[in-house]
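Structure assessment
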Amino acid sequence: PLDVDGRKALLLTDAGRETLATRLSKEGRATLGQLQQYGSDLLDAMTYLESRGVFHRDIKPANLGILPDPGNRTPRLV
């Protein structure tokens, strides 16, 4: 986290071009397996950020990027 005028901010790497919103728009409903993976990814990210005093106030599909996992190419939220 960075301090910017008394507030916490993050400098993030590019999360890719596809968001969860665009994927859902393109493919429709997520499968149960995708929901489990995305939910786990989101909770892990929020836990990590909160542990460092960073709170995200605009969590929505359009703000969640999707990239393939480098190890197995499975789509993951970033």
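In what follows, the structure referred to is the one given above.
Residues numbered from 1 in each chain as written. Predicted model: local features only at pLDDT ≥ 70, side-chain atom pairs only at ≥ 80, totals over all residues. Heavy atoms only, no water.

1. Details of the overall build of the protein
So the rule is basically this: Going along the chain from the N terminus, every DSSP run of H or I of four or more residues is numbered as a helix, and every run of E of two or more is numbered as a strand. Three labels apply to residues, based on accessible area from a 1.4 Å probe with only protein chains included: buried if under 20% of the type maximum, exposed if over 50%, partly exposed otherwise in between. Any pair of residues with heavy atoms lying within 4.5 Å of one another is described as a contacting pair. The sign given to each residue is positive for Lys and Arg and negative for Asp and Glu; His and the chain ends receive no count. For this purpose, a charge sits on NZ of Lys, CZ of Arg, CG of Asp or CD of Glu.
Counting its secondary structure elements, the protein contains two helices and four strands. Overall size of the protein, expressed as C-alpha extent along the three principal axes, is 40 × 20 × 20 Å. Each of the 78 residues in the protein was classed as buried or not, and the buried ones make up 17%. Contacts spanning at least 24 positions in sequence make up 54% of the contacts within the protein whose residues lie at least 6 apart. Taking the 11 positively charged and 10 negatively charged side chains of the protein as two groups, their mean positions are separated by 3 Å.

2. Overview of a nonpolar patch on the surface
Our working rule: Candidate patch residues must exceed 30% relative accessible area and have no salt bridge, after which like charges are joined if within 9 Å and Val, Leu, Ile, Met, Phe, Trp or Tyr side chains if within 5 Å. Exposure was quantified through the Shrake-Rupley algorithm and a 1.4 Å probe, taking into account, for residues, occlusion by the shown protein chains and nothing else. Here, a salt bridge means any side-chain nitrogen of Lys or Arg that lies within 4 Å of a carboxyl oxygen of Asp or Glu.
Nonpolar side chains collect at one region of the surface, where Leu2, Val4 and Leu11 lie side by side and expose about 320 Å² of accessible area between them. Looking at where Leu11 falls in the secondary structure, it is placed in the loop between strand E2 (7-9) and helix H1 (20-27). Residue classification places Leu11 among the exposed positions, given a relative accessible area of 76%.

3. A word on the side chain of Glu18
Rules: For the purposes of these results, a polar contact is taken to be a pair of N or O atoms within 3.5 Å, where, inside protein, one atom must be able to donate a hydrogen and its partner to accept one; residues adjacent in sequence count only when each atom of the pair is a side-chain atom.
With respect to the secondary-structure elements, Glu18 resides in the loop between E2 and H1. Judged by relative accessible area, Glu18 falls into the buried class, the value being 17%. At 2.9 Å, the side chain of Glu18 and the side chain of Arg23 are in polar contact. Apart from residues lying up to four places away in sequence, Glu18 is in contact with Arg23, Lys26, Leu64, Gly65 and Ile66.

4. Concerning unusual backbone geometry
Excluding glycine, most residues fall at negative phi; most peptide bonds, likewise, are trans. Backbone geometry places Asp5, a non-glycine residue, at a positive phi of 50°. With respect to the helices and strands, the residue Asp5 is situated in the loop between strand E1 (2-4) and E2. The phi dihedral of Arg73 is positive, around 65°, even though this residue is not glycine.

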